[in-house]
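Survey of secondary and tertiary structure
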Amino acid sequence: MNLNEYTLERLANQHKTIKNYIDDLPPEAIYNRLSTDKFSIHETIAYLTRYQHIFMERLNRIVNDINPYFEVYKPDLDAEFSFTCAKTTGSLLHELYRMRSNLCLMLEEMPAEHYARVGTHAVLGRMTISQWAEFFLLHESNQLFKIFKLAGSFWSMEVEKHSNIIYLPRLSNYIDELAV
């Protein structure tokens with residue numbers, strides 16, 4: 001049993017929407033937390049980047065061990081997460097894209113019999129590699145939705161602060177080019 005084509009398609013492309021969500025945002029929208037107890041957009045991207053490493057390590061353990069057990073990933077308990085957060089958003093996106101290519105290649109080249117291997121998640125229970133891939137995508141889509149909401153929240157807060165200013169985020173680059 002291999003991954004179905006829709007899962008592979010989502011693995012290959014789902015993460016690419018991040019760029020669309022943040023393209024027009026100023027640095028303060030990306031790096032500042034809108035709520036002190038929630039990640040910023042940058043921290044969420046760092047989380048997604050770091051989690052890809054975690055996920056690939058988990059897949060390797062599932063392939064090499066018999067039913068390994070995994071706790072819920074908590075970035076505050078991961079020493080590597082702070083190093084990941086220290087990178088620029090651009091370098092995180094490059095790493096995210098590179099790691100995703102590696103992940104897709106790993107799953108595409110995996111022998112069919114490995115897809116039936118299992119690992120147990122502390123909350124979700126026993127899952128095959130195919131189920132782990134679905135979990136990864138659903139988890140990532142939830143983080144993407146958070147980025148989408150944070151970007152929208154920033155713009156709605158800006159509108160409240162400057163209600164008399166018209167801002168056209170998608171056209172701003174074109175307007176600047178025309179002014180030169």
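Rules used throughout
Residues numbered from 1 in each chain as written. Predicted model: local features only at pLDDT ≥ 70, side-chain atom pairs only at ≥ 80, totals over all residues. Heavy atoms only, no water. Helix = DSSP H or I, 4+ residues; strand = E, 2+ residues; numbered from the N terminus. Buried < 20%, exposed > 50% of the residue type's maximum accessible area, 1.4 Å probe, protein only. Contact = heavy atoms within 4.5 Å. Salt bridge = Lys/Arg side-chain N within 4 Å of Asp/Glu carboxyl O. Axes fitted to C-alpha atoms, helices over the stretch in contact; angles between N-to-C directions. Parallel < 35°, antiparallel > 145°, perpendicular 65-115°, else oblique. Left-handed = near helix turned anticlockwise from the far one by under 90°. Nonpolar A, V, L, I, M, F, W, Y, C, P; charged D, E, K, R; others polar. Patch = residues over 30% accessible without salt bridge, like charges linked within 9 Å, V, L, I, M, F, W, Y side chains within 5 Å. Areas by Shrake-Rupley, 256 points an atom, 1.4 Å probe, with all protein chains shown as cover. Pairing = 2+ DSSP bridges.

The protein is annotated in an unreviewed UniProt entry as DinB family protein of Arcticibacter tournemirensis.

**As for the side chain of His15**
Locating His15 in the fold gives a position in the loop between helix 1 (5-13) and helix 2 (17-22). His15 gets classed as buried once you look at its relative accessible area, which sits at 2%. Apart from residues lying up to four places away in sequence, His15 is in contact with Leu96, Tyr97, Arg100 and Glu140.

**Thoughts on the environment of Leu92**
Mapped onto the elements of the fold, Leu92 is located in helix 6 (residues 89-109). Classification of Leu92 as buried rests on a relative accessible area of 0%. Not counting residues within four places of it along the chain, the set of residues in contact with Leu92 comprises His42, Ile45, Ala46, Thr49, Thr84 and Lys87.

**Quick word on the pattern of salt bridges**
If you walk through the whole model with that rule in mind, you get 7 salt bridges. Note that Glu134 and Arg10 form a salt bridge whose closest N and O atoms lie 3.2 Å from each other. Of this pair, Glu134 sits in helix 7 (residues 129-161) while Arg10 sits in helix 1, and the two are 124 residues apart along the sequence. With a relative accessible area of 25%, Glu134 lands in the partly exposed category. The salt bridge partner of Arg50 is Asp78, with a shortest N-O separation of 2.7 Å.

**Looking at the packing of helix 4 (residues 41-64) against helix 6**
Here helix 4 crosses helix 6 at 25 degrees, and the two axes come no closer than 9 Å. Overall, the two elements helix 4 and helix 6 adopt an arrangement that is roughly parallel. Here helix 4 and helix 6 pass one another in a crossing that is left-handed. Taken together, the residues of helix 6 that come into contact with helix 4 (itself represented by His42, Ile45, Ala46, Leu48, Thr49, Gln52, His53, Phe55, Met56, Leu59 and Asn60) are Thr89, Leu92, Leu93, Glu95, Leu96, Met99, Arg100, Asn102, Leu103, Met106 and Leu107. For the contact of helix 4 with helix 6, the residue count by class is 13 nonpolar, 7 polar and 2 charged.

**A look at a nonpolar patch on the surface**
On the surface, Val72, Val123 and Leu124 cluster together to form a nonpolar patch covering roughly 260 Å² of accessible area. With respect to the helices, strands and loops of the structure, Val72 is situated in the loop between strand 1 (69-70) and helix 5 (79-85).

**Topic: unusual backbone geometry**
Non-glycine residue Asn67 carries a positive phi angle of around 40 degrees. Following the sequence through the fold, Asn67 ends up in the loop between helix 4 and strand 1. Using a relative accessible area of 33% as the deciding quantity, one classes Asn67 as partly exposed.

**Some points on the pairing of strand 3 (residues 125-128)**
Across 4 bridges, the pairing between strand 2 (residues 118-121) and strand 3 is antiparallel. If you follow Val118 over to strand 3, its bridge partner there is Thr128.

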